[in-house]
Each structure stands twice: as C-alpha cells, then as structure tokens.
Amino acid sequence: MTTPLAELHMHIEGSLEPEQIFALAERNGIALPYNDIDELRARYEFTDLQSFLDLYYANMSVLRTAEDFADLARAYFARASAGGVTHAEIFFDPQAHTSRGVALEAVVEGLADASASSEREFGVKSGLIASILRDKPVLHANKLLDDLLELKAPIIGLGLDSAEMGFPPSLFVDVFAKARAEGLRVVAHAGEEGPSEYIWQALDLLKVERIDHGIRCLDDDALVTRLVDEEIPLTVCPLSNVRLQVTPDLRDHPIRNMIERGLVVTVNSDDPAYFGGYVDDNFAALTDTLGLTDREREILYDNSIKASFI
Ligand SMILES: Nc1ncnc2[nH]cnc12
Ligand SMILES: [Zn+2]
C-alpha cells in the first residue's frame, strides 16, 4: 500500500507547464509573446518572488474556459498521483482571472469538476482553497469572498498569497473573520520573503490554521516556540525557496533544523511548473542534497496527513 502523502501548498496556476501554455494558446487563439517553448523556458530564471509573479500572471492569459481549468487540474492530479500524492489541497487565484475578464463561475466550475472526480480518476482526494491576492485592494478581497459564497463554490478554505512585502496580514482581518464564520478553513502565506512579524499577524489576527512557507520564523525564537507548542503546520517548499532566492542554495535549506526543533513541517511544490518539479522532485532533491533520512521522510509524510483538512 502506498504511504499517504498530502500536498498542501500548490498553486494550480503554477502547475501550468510550458507545453500546456502553447497548447492552450493554440486552442484559444491567443498570440504568445514567445516564438517557442525554449524561448519561454529561457525566462524561468527568477531573482525574487516578484520576478516570478510577473511571468506567472502573464502566462495565465491562456486560461479562458472552464474546460481549460479542468484540464489544468487533471494534468496536475495525474502528475501528483505518479509522484505518490494521495491528498491535495490546491490553491487557486480567482482575482488573477476575473481581473482579465474570465468569469469566476468558469474558474470554479472547471476546478470543481476536476476536483470532484480526482479520487476516482487519479486516486488523489482533493479540496480547493481560494487564495486572495494580497497586493490587490482589500475591497476586492471582500467582494471575492462574497461572490464565492453566493456561488456556493465548493471550496474548503481561504488563503492569502502574491507579493508579500508591504502587504501584511493585518489588512485582511475582516475577510478572514467572515471566512471563518462561514466555516471555511483559513491559511496564509507568511514569512516567505516577509518578516516573522507577518507570521505573528497571520496567527493572531487572521487566526490561520497553517502557515504557508513560514521559514522566516527561524529569525524569532519566541515564534518558533509558539508554532511548536500550538503544533501549527508550516507548508515548506524547498525548490521554490531556492529558485526565488529565499534560500541561497538547497544545501543551506533549514528544513532539517526545522524538523529538529519540533516544527510541524511539510514538503510541497508551490509552483511545480516553474520551480523544477513536483512534490516527489522536492523529496528527491532533499535526499540528494541534504541526505534526508528515511526517518525524516516518514516524519514529513506523517506531518502532511496530520496537517491536512480533508
Ligand atoms: N510562492 C508564492 N508566494 C506568494 N504567492 C504565490 N503565488 C504563487 N506562488 C506564490
Ligand atoms: Zn505559494
């Protein structure tokens, strides 16, 4: 029997592979600013989070219909399943689509359709987490939640992502309070590029149940103690951290230190089409580079199931 493994931090738009970008551009009659896949791939060199986000949002132009979103999610489930994933809680960024004229209904319909059959088709139990773009106006976030509730979108939770610095969790207290009151599970990206203060805010003000990334907690001993004592899971993304230069090299990645300090760490791919691979590729890289032990792997797998909402 396969060992259960949950992927808890993966943006479905970040699983859009270069080949799919070209196929969807052709299907939807969209002109791309690249002549071929190699020219596109040459752009996958990032200096920080924003340099990645610029390309990530630009490439979404090919996603137009419910079918596009369903195909994207099915391709992810197939690949994740091959990599040993049995549960997946996937983020999507509704505002990145509605802002360019794609109806929220189309986004939700496509993703919900693929998610509803992921267990039967791919052996991956799944749930959807709508994520707020924190670098957009707060009023847009409130409207997004209202629209999702009105649509009765089959989401399990609300998240917070996009450019972190200068967009603290404190801006989103009201929308997170409403989401919790509506029975949604809540998570937030915090402490990826931003300071440990943003992790405190996500816990104290948004009352999140997991922190996405969170590696900057290591700057703050009192925060580490809190995260350990309250067993707050951190969804860490090692290859992402290296590609976005949050960590200089995988050899320097603090994941072992985090495990040793008793943090509830999980391993995830974040944006697998952009950062060098899926969750199994992240585990393989940790094994090759840091000599991840069988015991550490077992802890990380166990943590992923404990931290899962589904
Ligand atoms: N690593 C990341 N950080 C913040 N927002 C994101 N959206 C997609 N990937 C992200
Ligand atoms: Zn992320």
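An unreviewed UniProt entry lists the protein chain under the name Adenine deaminase, with Rhodococcoides kyotonense given as the organism. Here the protein chain is described in UniProt, under the heading Catalytic activity (unreviewed entry), as follows: "adenine + H2O + H(+) = hypoxanthine + NH4(+)". The Function (unreviewed entry) comment attached to the protein chain in UniProt states, word for word, "Catalyzes the hydrolytic deamination of adenine to hypoxanthine. Plays an important role in the purine salvage pathway and in nitrogen catabolism."

Novice: Give me the lowdown on the site of ligand 1, citing residues and values where you can.
Specialist: Around ligand 1 lies a shell formed by H11, L49, F52, L53, Y56, D161, S162, H189, E192, H213, D270 and D271. Interatomic distance of 2.8 Å between a backbone N/O atom of S162 and a nitrogen atom of ligand 1. Taking 260 Å² as the accessible area of ligand 1 by itself, protein coverage stands at 100%. Given that more than half its atoms are within 2 Å of the pocket grid, ligand 1 belongs to the largest cavity. Of the residues forming the shell around ligand 1, the biggest block, four residues, is contributed by helix α3 (residues 49-59). Considering only residue class, the shell around ligand 1 consists of four nonpolar, four polar and four charged.

Novice: How would you sum up the layout of surface pockets? Please name residues and give values.
Specialist: Reported here for the largest pocket is a volume of approximately 170 Å³. Around the largest pocket, the lining residues are Q95, T98, S99, L104, K136, H140, K143, L144 and D147. Counting residues per element, the ones that place at least two in the lining of the largest pocket are α5 (94-98) and α8 (138-151). The element contributing the most residues to the lining of the largest pocket is α8, with four residues. Tallied by class, the residues present in the lining of the largest pocket amount to two nonpolar, four polar and three charged.

Rules behind the numbers
- Residues numbered from 1 in each chain as written.
- Chains lettered and ligands numbered in written order.
- Predicted model: local features only at pLDDT ≥ 70, side-chain atom pairs only at ≥ 80, totals over all residues.
- Heavy atoms only, no water.
- UniProt positions renumbered as here; feature names shortened; annotations may be inferred.
- Near = heavy atom within 4 Å.
- Polar contact = N/O pair within 3.5 Å; in protein donor to acceptor, adjacent residues only side chain to side chain.
- Areas by Shrake-Rupley, 256 points an atom, 1.4 Å probe, with all protein chains shown as cover.
- 1 Å grid on protein atoms, 1.4 Å probe; cavity = no way out; pocket = protein on both sides within 12 Å on 5 of 7 lines; lining within 4 Å.
- Sits in = over half its atoms within 2 Å of the grid points.
- Helix = DSSP H or I, 4+ residues; strand = E, 2+ residues; numbered from the N terminus.
- Nonpolar A, V, L, I, M, F, W, Y, C, P; charged D, E, K, R; others polar.
- Points joined across faces, edges and corners; volume = space filled by probe spheres on them.

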